[in-house]
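# Residue-level structural notes
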Amino acid sequence: MTHPREDALLAEIEAREGEIVDLAQALIRIPSVNPPGEFYRDCAELLGQRLAARGFQVEYLRAEGVPGDTDRYPRWNVIARREGAAPGPCVHFNGHIDVVAPGEGWTRPPFEARIEDGRVYGRGACDMKGGLAAAVVAVEALIDSGAPLPGAIEISGTGDEESGGLGGVAWMAERGWFSKPRVDHVIIPEPLNVDRVCIGHRGVWWGEIETKGRIAHGSMPFLGDSAIRHMAAVLEAFEHELYPALGDQPTAMPVEPPGARTPTLNINSVHGGQPDVAPGDDAALPAPLVADACRLVFDRRLLIEEDLGEVKAKMRALLDGLVQARPGFRYSLRDLLEVRPSMTEPDRPVVRATASAVRRVLGREAAVICSPGTYDQKHIDRIGHLRDCIAYGPGILDLAHQPDEYVEIADMTASAKVMALAAYALLTGEG
Ligand SMILES: [Zn+2]
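Please read all numbers here as calculations on a predicted model, not as lab measurements. (Residues numbered from 1 in each chain as written. Predicted model: local features only at pLDDT ≥ 70, side-chain atom pairs only at ≥ 80, totals over all residues. Heavy atoms only, no water.)

## A look at the overall build of the chain
- On a plain count of helices and strands, the chain comes out with ten helices and 16 strands.
- Computed over the C-alpha atoms, the radius of gyration of the chain is 25 Å, within 12% of the 22 Å expected from 2.2 N^0.38 for a compact globule of 431 residues.
- Here the chain holds 431 residues, and 53% of them are scored as buried.
- Accessible surface for the chain amounts to roughly 18,200 Å². Of this, 52% is attributable to carbon and sulfur atoms.
- Where the 44 positive side-chain charges of the chain centre and where its 63 negative ones centre are 3 Å apart. (Helix = DSSP H or I, 4+ residues; strand = E, 2+ residues; numbered from the N terminus. Rg over C-alpha atoms; globule rule 2.2 N^0.38 Å. Buried < 20%, exposed > 50% of the residue type's maximum accessible area, 1.4 Å probe, protein only. Areas by Shrake-Rupley, 256 points an atom, 1.4 Å probe, with all protein chains shown as cover. Lys, Arg positive; Asp, Glu negative; His and termini not counted. Charge placed at Lys NZ, Arg CZ, Asp CG, Glu CD.)

Printed below as a string of structure tokens:
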């Protein structure tokens, strides 16, 4: 793009800041809370009707039969496509329309989308209705600029990201919506800061370990076998064997924050024996029993260099070692969730075009990063087999899912400029 045209496009987006804010507010005011998955259709239609009026072909897709899809909570997604003047690549902007429940601690109404001090406050403001609004206005301004645009532009609003994406991007990817030749480049405007290009995320393995014991009266524990003591041995083995080994793995993933550049292991919960006595419930006393079962749920995060099969084998070896070492030790291990790590090569066009647009708009180098947690890129990579995917959008990840979540208006505008320039460069091959 020649500089005068680029300048005009950036000025036009600046002039449309009010439209970005209006659209972000309109989206936030639809409380599309997941779970259970409220008002997906309303969000989808807000986007679809707007884009249909701009010459997009719009389809509404219900992920019928996926977990959570019911007539009360149908899993609606929307996809809009606009063909360009000539054949060429397709640039796709994908945003999730669902938000997590507001929770406690808000000092502003979570679905009013109130503006204060240059920010829009509300559940989903940063994660990620602000980013979706910025993408829509970026694309509209690009189309209105009159620049010849080959290829195609797509915008999708998808559900269920907050619960794993099964009724959203995963479902659509299984049906070819996120694969070549239909799509070439995907930008997901998740809140990763306006000056950072996120090329991927670590993987996840959630599992549950159960140790078994034998119940007995608590006054004669020698007659039983405590599952909790067996679990204590598991925890000790974690401390001595697993945790020290986590730091040894060098990685090519530029995860932010840097503390997440090693594999991590969190123990989400441990439950053993009888239910807890509620605090303040003086009437209740604990039952005098030896625990016959104890369950631990862990959250192991994986780097791109790691093989999930090997990680699982190590966990099994640790537990089997305890079977050998500890009389009476019995366990079961159950998988709860698996996500493979995903990372787009940093020299792919979608990464380069977005980083160069950040430089042009913000006047500083973009940081190329990976996310410690996952987002819908996993499905586009693993199911759609499309590696040209990044997350780039306004907002600060730390604010996601927090009370008083907000997005800076200036950040939405800056990110819209970046998305417009990046889309133009990818469609035309001009940068
Ligand atoms: Zn999100």
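Next comes the rest of the write-up.
## Thoughts on a nonpolar patch on the surface
- Nonpolar side chains collect at one region of the surface, where W206, L336 and L337 lie side by side and expose about 230 Å² of accessible area between them.
- Mapped onto the fold, L336 is located in strand β12 (residues 331-339). (Patch = residues over 30% accessible without salt bridge, like charges linked within 9 Å, V, L, I, M, F, W, Y side chains within 5 Å. Salt bridge = Lys/Arg side-chain N within 4 Å of Asp/Glu carboxyl O.)

## Thoughts on the sheet that holds strand β9 (residues 203-212)
- If you trace the four strands from one edge of the open sheet to the other, you get β10-β11-β9-β12, paired in antiparallel fashion. Strands with a single pairing partner mark the edges of an open sheet, and in this sheet they are β10 (264-272) and β12. Across the sheet, the mean angle from the axis of one strand to that of its neighbour is 15°, orientation sign disregarded.
- With eight bridges joining them, β10 and strand β11 (residues 293-302) adopt antiparallel strand pairing. Each residue of the ladder has a partner; that of H271, found in β11, is R295.
- Across the sheet, helix α6 (residues 227-246) touches β9, β10 and β11, and the angle it forms with β10 is around 175°.
- Docked against the sheet, helix α7 (residues 308-325) engages β9, β11 and β12, running at close to 165° with respect to β12. (Pairing = 2+ DSSP bridges. Axes fitted to C-alpha atoms, helices over the stretch in contact; angles between N-to-C directions. Contact = heavy atoms within 4.5 Å.)

## Here we look at the coordination of the zinc ion
- Here the zinc ion is held by the protein donor atoms H96 (NE2), D127 (OD), E190 (OE) and E190 (OE), which lie 1.8 to 2.6 Å from it.
- Between the four donor atoms coordinating the zinc ion, the angles at the centre fall across 53 to 145°, so the site counts as irregular.
- Here the donor residues of the zinc ion are spaced in sequence according to H-x30-D-x62-E. Of this pair, H96 sits in strand β3 (residues 90-96) while E190 sits in the loop between β7 (185-188) and β8 (196-201), and the two are 94 residues apart along the sequence.
- Its relative accessible area of 1% is what places H96 among the buried residues. (Donors = N, O, S within 2.8 Å, 3.2 Å for Na, K, Ca; no water. Tetrahedral: all angles 85-135°; square planar, octahedral: opposite > 155°, others 65-115°.)

## A word on the sheet that holds strand β16 (residues 406-408)
- Read from one edge of the open sheet, three strands run β4-β5-β16, paired in antiparallel fashion. Every other strand in the sheet has two partners, leaving β4 (115-116) and β16 as the edge strands with one partner each.
- Sheet topology places strand β5 (residues 119-121) next to β16; three bridges connect them, and they run antiparallel. Bridge pairing in β16 places Y121 opposite Y406.
- Helix α10 (residues 409-428) rests against β4, β5 and β16 of the sheet, and its axis sits at about 60° to β16.

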